[in-house]
Amino acid sequence: MLSLKQLNKTYDNGVHAIDHISLEIPTGLFGLLGPNGAGKSSLMRTIATLQDADSGTIHFNGVDVVADKAALRRQLGYLPQDFGVYPKVSALELLNHFAILKGLTHRGERKEAVEALLQLTNLWEARKRAVASYSGGMRQRFGIAQALLGAPKLVIVDEPTAGLDPDERNRFLNLLAHIGENVVVILSTHIVEDVTDLCPRMAMIAKGRVLIEGAPQAAIATLRDRVWRRSVSDGELAEYQQRCTVLSSRLVGGRPQINVYADSQPDEGFRRVEPDLEDVYFLQLRAA
Ligand SMILES: Nc1ncnc2c1ncn2[C@@H]1O[C@H](COP(=O)(O)OP(=O)(O)OP(=O)(O)O)[C@@H](O)[C@H]1O
């Protein structure tokens, strides 16, 4: 269990990137959902002990992380948002190199760990290729392989699915779900479906603050019977935006279709629809 209490971080430029964040994060996949600039990376870096909070506490399985960073680092696997530039060495060699850095000094054990991770991440066939030649999805899977070296108990992945095609995204998320069976995995993302599809628990954040946290299904249930949909013309869109709580607008067959939050049917053109996590997200962001 990872426990954050009243965390705060203000950068030198005055941005309050983490604003009194408290969260309890159990074993399993935990989605941290927020728009660009919400503070997700700041929070991830702080938990990963790459930067200090100004105040607040972080405990992982009872260990005070602020007082004993080394204890957390021994149990941490981290895939940052920008996973660097890759030298022209093979995945096998590079992972072996990372394994040495991670302290896997026994040759036989290291070989076993490296090979197992290349299998797990489905890179075995491509293990002799330079990581520099990998596709985006393969790189991210390689990133997860390096994050899993040393059997971490806490795995942090920062916006890992951005830029992946649907196939690779699914493959990557399945891998994360598998890993999340035994350890705490924090998945930071601005993609709502990443969270709906596979996180039993989540928090939405914006402007450094937690807007809501809990099970996605529980959050969705709070909007039941209050989300309405209709097609509109471009001119009507502006009008509805004025007089209704428009959650989202998307083009369907070239025509805007809007989701509106309201206690009762706004007008006869609307039909009630089952809410989803995106409706929750947009409602929360409006209020943030
Ligand atoms: N080192 C820094 N110095 C000053 N301001 C920073 C620094 N890092 C982040 N910020 C600011 O803090 C806020 C939160 O940024 P952060 O990168 O944590 O958000 P994010 O949710 O991860 O968004 P993104 O997906 O765009 O990275 C932003 O306003 C950002 O400009």
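Computed from a prediction, not measured in an experiment: that's the story for all the values here.

Chemist: Can you lay out the nonpolar core for me, pointing to particular residues and giving the numbers?
Modeler: Counting 76 residues, the largest nonpolar core has Phe 30, Ile 156, Ile 186 and Leu 187 as the members making the most contacts within it. Taken domain by domain, this core gets at least three of its residues from each of domain 1 (2-214) and domain 2 (221-287). In contact with Ile 186, other than residues within four places in its own chain, are Ile 25, Phe 30, Leu 32, Met 44 and Ile 156.

Chemist: Go over the site of the ligand with me, naming the residues and quoting the values.
Modeler: Close to the ligand lie 13 residues; Tyr 11, Asn 36, Lys 40, Ser 41 and Ser 42 are nearest. By residue number, the principal contributor to the shell around the ligand is helix α1 (residues 40-47), which donates 3 residues. Of the residues assigned to the shell around the ligand, the class counts are 4 nonpolar, 7 polar and 2 charged.

Chemist: Go over helix α3 (residues 91-101), please, and point to the residues and values.
Modeler: Along α3, the residues that are buried comprise Ala 91, Leu 94, Leu 95 and Ala 99. For α3, the angular spread of buried residues about the axis comes to 145°, placing them on one side. For α3, the exposed residues lying more than 90 degrees away from the buried face are Ile 100 and Leu 101. In the core, the buried residues of α3 are packed alongside α4 (107-120) and α5 (136-147). Gly 103 sits one or two residues past α3 and shows a positive phi near 95°.

Chemist: Quick one: what's the story with the domain arrangement of the protein, residue by residue and with numbers?
Modeler: In terms of domain boundaries, the protein breaks down into domain 1 (2-214) and domain 2 (221-287). With centres defined by C-alpha atoms, the gap from domain 1 to domain 2 works out at 34 Å. Between domain 1 and domain 2, the residue contacts involve 9 residues of the former and 6 residues of the latter. Those elements that provide at least two residues to the side of domain 1 that touches domain 2 are α7 (192-198), β9 (201-206) and β10 (209-214). For the side of domain 1 that touches domain 2, the class distribution of residues is 8 nonpolar, 1 polar and no charged.

About the criteria used
Residues numbered from 1 in each chain as written. Predicted model: local features only at pLDDT ≥ 70, side-chain atom pairs only at ≥ 80, totals over all residues. Core = buried A, V, L, I, M, F, W, Y, C linked by C-beta atoms within 7 Å. Buried ≥ 20, exposed ≤ 12 C-beta atoms within 10 Å, placed from the backbone. Domains from an automatic or database assignment. Contact = placed C-beta atoms within 7 Å. Near = placed C-beta within 6 Å. Helix = DSSP H or I, 4+ residues; strand = E, 2+ residues; numbered from the N terminus. Nonpolar A, V, L, I, M, F, W, Y, C, P; charged D, E, K, R; others polar. Arc of directions from axis to C-beta.

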